Amino acid sequence: MTITIYGITTCDTVKKARVWLEARDVAYRFHDFRAEGLDAKRLDGWVGKVGWEKLFNKASTTFRELADKDKQGLDEKKAKALMLAKPTMIKRPVLETGDRILVGFKPDVYEQAVGEK
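Note that this is a predicted model, so its numbers are computed, not measured. (Residues numbered from 1 in each chain as written. Predicted model: local features only at pLDDT ≥ 70, side-chain atom pairs only at ≥ 80, totals over all residues. Heavy atoms only, no water.)

## Let's talk about the pairing of strand β4 (residues 100-103)
As a general feature of sheets, a regular strand has side chains that alternate between the two faces. How we decide: Two strands are counted as paired when DSSP detects at least two bridges linking them. Secondary structure elements are defined from DSSP: runs of H or I of at least 4 residues count as helices, runs of E of at least 2 residues count as strands, and each element is numbered from the N terminus.
Of the strand pairs in this sheet, strand β3 (residues 94-97) and β4 are connected by four bridges, and their pairing is antiparallel. Bridge pairing in β4 places Glu 96 opposite Ile 101. What sits between the antiparallel neighbours β3 and β4 is a turn of two residues, in which Gly 98 has the positive phi angle 65 degrees.

## A few points about the sheet that holds strand β1 (residues 3-7)
Just so we agree on the cut-off: Lines are fitted to the C-alpha atoms to define the axes, a helix being fitted only along its stretch in contact, and any angle between axes, read from their N-to-C directions, falls within 0 to 180 degrees. Contact between two residues is taken to exist if any of their heavy atoms lie within 4.5 Å; hydrogens are not considered.
The strand order across the open sheet built from four strands is β2-β1-β3-β4, with neighbouring strands paired in mixed fashion. Looking along the sheet, the strands with just one partner apiece sit at the ends: β2 (29-32) and β4. Averaged over all adjacent pairs, the angle separating strand axes in this sheet is 20 degrees, with direction ignored. Direction of pairing for β1 relative to β2: parallel, over a ladder of four bridges. Looking across to β2, one finds that Ile 5 is bridged to Phe 30. Its contacts with the sheet put helix α3 (residues 40-50) on β1, β3 and β4, and the angle it makes with β4 is roughly 85 degrees.

What follows is the structure in structure tokens.
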């Protein structure tokens with residue numbers, strides 16, 4: 001099973017998730033949103049599996065810095081456009097394990113998804 005973790009290198013939650021994976025010798029690939037961006041097809045797949053509301057981080061600094069007009073009337077289309085333009089608005093980390101998508105980091109959920117090796 002190929003595991004990919006998406007996020008940014010400076011995010012504390014991403015760091016915790018990576019440390020957790022490494023401590024259990026779980027092989028993974030790290031995809032940095034800032035360096036590698038995010039394509040619309042992948043985001044569409046995530047939204048289809050977990051919903052845009054779960055992915056969209058209204059608590060992010062990036063969202064809080066938006067103009068009020070950009071924050072109003074959020075729907076799936078607008079949220080996806082914002083996340084593609086500024087991937088730091090995506091809750092982190094996003095972990096892909098085969099067909100499964102996990103948003104955020106909770107050790108017990110990761111345990112169920114990847115198991116100890």
